[in-house]
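# Structural overview for review
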Amino acid sequence: MTIMAAVYLGGWGLFIWLGDSWLQLLVAAVLAVVFAQLGFLAHDLGHRQVFRTRRPSDIAGLIIGNLGIGLGWGWWTTKHNRHHANPNHEDHDPDVSPAVIVWSEDQVARSIGLPRFVAKYQAYLFFPLLTLEAWHLHIASVKALFKPEAKRRGAELTMLVTHFVLYFGLVFTILPVGKALLFLIVHQGLFGIYLGSTFAPNHKGMPILTAEDKLDFLRKQVLTSRNVRGGLFTDVALGQLNYQIEHHLFPNMPAPNLRRAQPIVERYCAEIGVDYLQTGLVESYGQALRHLHEVGAELRRPLPIQGA
């Protein structure tokens, strides 16, 4: 956390020092990585991996999430906890709700409007759509604070507003309008792609559950999750979420310990006959995209000719 705070402040210091320069687009790319890594920290704080008690976790989460990167801490933790309770469940997991992307053939049959149009080619559109993911998260964070169930509305809204005032104020003060807009496009676009690319290998393309599926806790978590092989670079790049199966079984386990739990969990799953999927990063994307392509297959079939 100390290293990330120094890198975050150093990145913005470099932005100020460079001034009106096209090199700022490289700074935008660097800050996109920094924002995503801070998102991983906020994720770990949300699972109570860092502090023993709730209060310091909430304070650090608000500072990193709302003030640091403009993502609503309360909204995100509530949404993410629902995902953990029922991963890949059509009725209960908000991460597989058919907002733009559709995740199952049943969702395709019920889809209308934009999701139905996108579903035809969603495997090709998935990564381009991720360029909008950060903006979607920002907007959803603000909208959530105006719902009746919102907690800490005043503190969260104040921090979010402060973030955006400082963020847009600094960018448009240092850069002329054209470069400032391009900086925002690059920074937020890469931020969204990075976040989406780290979450996509975890569950996308794995079984989608419905009300008819009655699984115990272990099978519900293991069968809907996928691990990604790799060394230190993969662990850091993916925020150690590449150990997704272990993370879902033990969500409050500190992330550095997940790699130690992995072989134990894999052996146990083999002993009791539960499928345990672990693959490379590229293949994980391939599996996810193939699933999206297959889901939309029905919509790509030509309509029968009348009277034929």
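Model, not experiment: these values are computed from the prediction. (Residues numbered from 1 in each chain as written. Predicted model: local features only at pLDDT ≥ 70, side-chain atom pairs only at ≥ 80, totals over all residues. Heavy atoms only, no water.)

Turning our eyes to something else, we now look at the nonpolar core. Most often, soluble globular proteins have nonpolar side chains that are buried together. Among the nonpolar cores identified, the biggest contains 39 residues, and Trp-12, Phe-15, Leu-38, Val-171, Phe-183 and Phe-191 are the most heavily contacted of them. Secondary structure elements with two or more residues in this core: helix H1 (2-18), helix H2 (24-46), helix H3 (54-69), helix H4 (73-85), helix H8 (133-144), helix H9 (153-174) and helix H10 (177-203). Counting residues per element, this core draws most heavily on H2, at 12 residues. Apart from residues lying up to four places away in sequence, Trp-12 is in contact with Leu-31, Phe-35, Tyr-167, Leu-170, Val-171 and Phe-183. Ranked by size, the runner-up nonpolar core spans 10 residues in total, among them Val-96, Trp-103, Ala-123 and Phe-126. (Core = buried A, V, L, I, M, F, W, Y, C linked by side-chain atoms within 4.5 Å. Buried < 20%, exposed > 50% of the residue type's maximum accessible area, 1.4 Å probe, protein only. Helix = DSSP H or I, 4+ residues; strand = E, 2+ residues; numbered from the N terminus. Contact = heavy atoms within 4.5 Å.)

With 22 residues, H9 should reach 32 Å at 1.5 Å per residue; the first-to-last C-alpha distance of 31 Å fits that figure. For H9, every residue scored as buried is listed here: Glu-156, Leu-160, His-163, Phe-164, Tyr-167 and Val-171. Down the axis of H9, the buried side of the element spans an arc of 85°, and every buried residue falls inside it. Residues Thr-158, Val-165, Leu-166 and Thr-173 are exposed on H9 and point more than 90 degrees away from its buried face. Where H9 is buried, its residues meet H1, H2, H3, H4, H8 and H10. (Expected span 1.5 Å × (residues − 1). Arc of directions from axis to C-beta.)

With that out of the way, let us pick up a nonpolar patch on the surface. Where nonpolar side chains cluster on the molecular surface, the patch consists of Met-1, Val-50 and Phe-51 and spans about 240 Å² of accessible area. Structurally, Met-1 is set in the segment before H1. (Patch = residues over 30% accessible without salt bridge, like charges linked within 9 Å, V, L, I, M, F, W, Y side chains within 5 Å. Areas by Shrake-Rupley, 256 points an atom, 1.4 Å probe, with all protein chains shown as cover. Salt bridge = Lys/Arg side-chain N within 4 Å of Asp/Glu carboxyl O.)

Another point: the pattern of salt bridges. Overall, the coordinates contain 7 salt bridges when judged by the stated rule. The partner of Arg-48 in a salt bridge is Asp-58, with the nearest N and O atoms 3.3 Å apart. Of this pair, Arg-48 sits in the loop between H2 and H3 while Asp-58 sits in helix H3, placing them 10 residues apart in sequence. Assessed through its relative accessible area of 13%, Asp-58 is described here as buried. With a closest N to O distance of 3.8 Å, Arg-152 and Glu-156 form a salt bridge. Overall, Glu-156 belongs to the buried group, its relative accessible area being 1%. Three or more residues joined by partner-sharing salt bridges are found here, namely Arg-48, Asp-58, Arg-152 and Glu-156.

Attention now goes to the environment of Ser-225. By the element assignment, Ser-225 lies in the loop between helix H11 (217-222) and strand S1 (227-228). Between the alpha carbons of Ser-225 and Gln-278 there is a distance of 9.1 Å; along the sequence they are 53 residues apart. In this structure, Ser-225 is in contact with Asn-202, His-203, Met-206, Gln-244, Ile-245 and His-248, ignoring residues within four places of it in sequence. There is a polar contact of 2.7 Å between the side chain of Ser-225 and the backbone oxygen of Gln-221. (Polar contact = N/O pair within 3.5 Å; in protein donor to acceptor, adjacent residues only side chain to side chain.)

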